[in-house]
Amino acid sequence: MPKFSANLGFLWPDRPLLERIDAAANAGFKAIELHWPYDVPAEAVRDACAGRSLALLGLNTATGDTGKGEFGLAALPGRRADFEASLEQAMTYARTSGASSIHVMAGVVAANDKAEARRVLAKNLALASERAPDVTLLLEPINQRDKPGYFYSTIGEAVSLIEEIGAPNIKVMFDVYHVGVSEGDILKKLEKYLPVIGHVQIAAVPSRAEPDEGEIAYPAVFTELDRLGYEGWVGCEYRPRAGTDEGLGWINALGISLQTMTG
């Protein structure tokens, strides 16, 4: 059975970040991942994780101007300086806090800008791979239902960039929820792309709630990850139906023990 991390971008949303870290440890997790923790000092996050023996897996680059619907900067033409600043922010925070990966957010682009945006993204990812050789850079396709116009929505699009750039520290964030909404055929895609998968995330499809409902048979996904020899973490990036603690019953429902969750 894979080992599971708590994504504190979605879990315990009613609490400040440092209290969410405590809540994850109290629930039995041994790893966490973040979205945009930049309003909390990296040293405080590092110390909170160390105090509870939690591994900090990753965080995201900045979204840019959400009022304009950007949701990331790496693929946006004309925003190279802003992307570099967001990359520097993420690298500094990751190195200080102890995070081992950075999700490089591509952003929303107009359909007629897609070709140029791909060239921009490739250049920015090559730059990022050179500046952060000690960090895993994750590319996450996001489904078009949740984020219309996001640069990529399929695993193949992300993998084509990884193959083109050829940097060993660029990997795919295989979010089963997004893959399920965008493409389906989860088990075959896990098998096909396993060599370039740097992290896996889960949530129910189509609701994005706890993974004990909906279209995806997660026990089969976990069995396949074991069969394939996946050694990384599985991030619990779902939106709780109600309270996070109350919703953790999915662990027992899917036959997962706390000992398994702790890795």
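Quick caveat, the model's predicted, so the values are computed rather than measured.

The next point concerns the overall build of the chain. Looking only at helices and strands, one finds 11 helices and 9 strands in the chain. Here the C-alpha radius of gyration of the chain, 17 Å, is about what a compact globule of 263 residues would show, namely 18 Å. The principal-axis extent of the C-alpha atoms belonging to the chain is close to 50 × 40 × 35 Å. Within the span of the chain, comprising 263 residues, buried residues form 54% of the whole. For the chain, the share of sequence-separated contacts (at least 6 apart) that also reach a separation of at least 24 residues comes to 77%. Summed over all atoms, the accessible surface of the chain reaches about 10,800 Å², with 50% contributed by carbon and sulfur. Seen as two clouds, the 25 positive and the 35 negative side-chain charges of the chain have centres 3 Å apart.

Relative to the elements of secondary structure, Asn 169 occurs in the loop between α5 (155–165) and β7 (170–175). Since its relative accessible area comes to 11%, Asn 169 is described here as buried. A polar side-chain atom of Asn 169 sits 3.5 Å from the main-chain carbonyl oxygen of Ser 129. In this structure Asn 169 touches Ser 129, Ala 132, Pro 133, Val 135, Thr 136 and Leu 137, once residues within four positions along its chain are discounted.

Moving on, we get to helix α2 (residues 42–51). Of the positions making up α2, those classed as buried are Ala 42, Val 45, Ala 48 and Cys 49. All buried residues of α2 lie within an arc of 130 degrees about the axis, which places them on one face of the element. Exposed and facing more than 90 degrees away from the buried side of α2 are Ala 50 and Gly 51. Contacts made by the buried residues of α2 are with α1 (17–27), β2 (31–33), β3 (55–56) and α3 (80–97). Immediately downstream of α2, the backbone of Ser 53 shows phi near 55 degrees, a positive value.

Pairs may arise between side chains of opposite charge once their charged atoms sit close together. In total, this model carries 22 salt bridges according to the counting rule given. Between Arg 95 and Asp 134 there is a salt bridge; the shortest N-O distance is 2.8 Å. With Arg 95 in helix α3 and Asp 134 in the loop between α4 (114–131) and β6 (136–139), this residue pair connects regions lying 39 residues apart in the sequence. Across the salt bridge formed by Glu 191 and Arg 227, the nearest N and O atoms sit 3.2 Å from each other.

Helix α8 (residues 218–228) packs onto helix α7 (residues 186–193) with a crossing angle of 20 degrees between their chain directions and a minimal axis gap of 10 Å. By the angle between their directions, the pair α7 and α8 is classed as roughly parallel. By crossing handedness, the relation of α7 to α8 is classed as right-handed. Side by side, α7 and α8 meet where Ile 186, Leu 187, Leu 190 and Glu 191 of the first sit next to Ala 220, Val 221, Glu 224, Leu 225, Arg 227 and Leu 228 of the second. Broken down by class, the residue content of the contact of α7 with α8 amounts to 7 nonpolar, no polar and 3 charged.

Among the residues making up α8, those that are buried are Tyr 218, Val 221, Phe 222, Glu 224, Leu 225 and Leu 228. For α8, the arc enclosing every buried residue in end-on projection is 160 degrees, short of the 170-degree limit, so these residues lie on one face. Facing away from the buried side of α8, by more than 90 degrees, are the exposed residues Thr 223 and Arg 227. Buried residues along α8 sit against β1 (3–7), α6 (176–182), α7, β8 (197–202) and β9 (233–236).

Their axes nearest at 8 Å, the elements α2 and α3 cross at an angle of 35 degrees. As α2 packs across α3, the resulting crossing turns out to be right-handed. Contact residues: Ala 42, Glu 43, Val 45 and Arg 46 in α2; Tyr 93, Thr 96 and Ser 97 in α3. Taken together, the residues of the contact of α2 with α3 sort by class into 3 nonpolar, 2 polar and 2 charged.

Let us now look at the nonpolar core. The biggest cluster of nonpolar side chains holds 88 residues, and the ones touching the most others in it are Leu 8, Trp 12, Ile 32, Phe 174 and Trp 250. In this structure Trp 12 touches Ala 6, Arg 20, Ala 23, Ala 24, Ala 27, Phe 29, Thr 244, Asp 245 and Leu 248, once residues within four positions along its chain are discounted.

Reading the values: the criteria
Residues numbered from 1 in each chain as written. Predicted model: local features only at pLDDT ≥ 70, side-chain atom pairs only at ≥ 80, totals over all residues. Heavy atoms only, no water. Helix = DSSP H or I, 4+ residues; strand = E, 2+ residues; numbered from the N terminus. Rg over C-alpha atoms; globule rule 2.2 N^0.38 Å. Buried < 20%, exposed > 50% of the residue type's maximum accessible area, 1.4 Å probe, protein only. Contact = heavy atoms within 4.5 Å. Areas by Shrake-Rupley, 256 points an atom, 1.4 Å probe, with all protein chains shown as cover. Lys, Arg positive; Asp, Glu negative; His and termini not counted. Charge placed at Lys NZ, Arg CZ, Asp CG, Glu CD. Polar contact = N/O pair within 3.5 Å; in protein donor to acceptor, adjacent residues only side chain to side chain. Arc of directions from axis to C-beta. Salt bridge = Lys/Arg side-chain N within 4 Å of Asp/Glu carboxyl O. Axes fitted to C-alpha atoms, helices over the stretch in contact; angles between N-to-C directions. Parallel < 35°, antiparallel > 145°, perpendicular 65-115°, else oblique. Left-handed = near helix turned anticlockwise from the far one by under 90°. Nonpolar A, V, L, I, M, F, W, Y, C, P; charged D, E, K, R; others polar. Core = buried A, V, L, I, M, F, W, Y, C linked by side-chain atoms within 4.5 Å.

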